[in-house]
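Secondary and tertiary structure notes
Chain by chain, the residues run as shown.
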Amino acid sequence: MRRRGGRPAAPYPAPPARARPRVRAGRRPGPQRRYRRRGDLGWKLAAVVCGWVGEDILDAYTTERHPVAARLLRNTRAQIALMRPDPQTRALWEMFSDLMDLDDTHRYVADILAGMDVRYDRGDDHRLVGTLCPDMKLTLERPDPDVVTAVTRSADLLREGRGLLLDLVDRAEVRDAAAAWTGRVDTVTARTDRVDLDVLLIRPDGCVAWALPTGQDLDATTLVRALGTWFGQPA
């Protein structure tokens, strides 16, 4: 793959199979990382093709993904170092294997391999902005009392490849501020067990673009800025 201007893109090497730590069942390292990379680029290309945004948005792919690739390369080199056949490295590997039996260590390494520890620097102090949206069990609000309230997962709401404004506490002023982007961003009102969030703006690749903590007054300019950055100006 080549970036705009013909410059070659940096490779994304996979860790050597023999050097990978033992990852417990249910945490598959490879697919999440590949899917996120493809999804990150794919929706931005689609936005440019559809004319929502200019080509400058493609530069965000380099800004976001190259630090991730550099960290992956560092981790790969560390794992290769553990494959050396000398007695000292073997002792280090055995110690590392013992550490992998600790839940915190295992979670840390598994999240690195799966790409779940990635946080893009989007200039926002909220801890979720720039990370993959946590998968939450949602109870969707329906205006018709005769319709059974639907239960779904937050990941299911991104299947259409559109942005998502997820309102978790019925903040009408937030929905009104984003109304001009209805053609590009789905707005969903739902309930969840989380008590630290009121609203999330989520990109099509699942990355949180903006967050409103519980009970915080809305600064509409920050929401409009995030909407304009990732979904262009409203038609």
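Residues numbered from 1 in each chain as written. Predicted model: local features only at pLDDT ≥ 70, side-chain atom pairs only at ≥ 80, totals over all residues. Heavy atoms only, no water.

Regarding helix 4 (residues 103-114)
Where we set the bar: Elements are defined by DSSP. Helices are runs of H or I of four residues or more, strands are runs of E of two residues or more, and each kind is numbered from the N terminus. A helix is expected to span 1.5 Å multiplied by its residue count minus one. Per-residue accessibility, obtained with a 1.4 Å probe over protein chains only, is compared with the maximum for each type, and a residue is labelled buried under 20%, exposed over 50%, and partly exposed between these values.
Here helix 4 contains 12 residues, and its C-alpha end-to-end distance of 16 Å stays within 8% of the 16 Å for a straight helix at 1.5 Å per residue. Those residues of helix 4 that sit buried are His106, Val109, Ala110, Asp111, Ile112, Leu113 and Ala114.

Quick word on a nonpolar patch on the surface
Stated formally: Think of a patch as exposed residues, more than 30% relative accessible area, with no salt bridge, where like charges cluster within 9 Å and nonpolar side chains (Val, Leu, Ile, Met, Phe, Trp, Tyr) cluster within 5 Å. To be clear on the numbers: accessible area is Shrake-Rupley with a 1.4 Å probe, and residue cover counts the displayed protein chains and nothing else. For this analysis, a salt bridge means a side-chain nitrogen from Lys or Arg found within 4 Å of a carboxyl oxygen belonging to Asp or Glu.
On the surface, a nonpolar cluster with roughly 290 Å² of combined accessible area is contributed by Met95, Leu99 and Leu102. With respect to the element layout, leucine 99 can be found in helix 3 (residues 87-99). Its relative accessible area of 38% is what places leucine 99 among the partly exposed residues.

Description of the side chain of threonine 152
Note the cut-off: Pairing of N or O atoms within 3.5 Å defines a polar contact, subject to two protein rules: one partner must be a possible hydrogen donor and the other a possible acceptor, and residues neighboring in sequence count only if both atoms are side-chain atoms. Residues are treated as being in contact if the distance between any of their heavy atoms lies within 4.5 Å.
For threonine 152, the location among the structural elements is in strand 2 (residues 151-153). Exposure remark for threonine 152: the relative accessible area of 16% places this residue in the buried category. Within the local environment of threonine 152, its side chain forms a polar contact with the side chain of aspartate 156, the two groups lying 3.1 Å apart. Setting aside residues up to four positions removed in sequence, threonine 152 forms contacts with Met136, Lys137, Leu138, Leu140 and Leu157.

Quick word on the pattern of salt bridges
Opposite charge on two side chains permits them to pair, given that their charged atoms come into close proximity. Counted according to the given criterion, the structure contains 14 salt bridges. Residue glutamate 64 is joined to arginine 203 by a salt bridge in which the shortest nitrogen-to-oxygen separation is 2.8 Å. With glutamate 64 in helix 2 (residues 59-81) and arginine 203 in the loop between strand 5 (197-202) and strand 6 (208-213), the pair connects residues that are 139 residues apart, well separated along the chain. Residues glutamate 64 and arginine 203 agree in their burial class; the two are buried. Aspartate 170 serves as the salt-bridge partner of arginine 175, at 2.8 Å between the closest nitrogen and oxygen. The class for aspartate 170 is partly exposed, based on a relative accessible area of 42%. A network of salt bridges, in which partner residues are shared, links Lys44, Glu64, Arg203 and Asp205.

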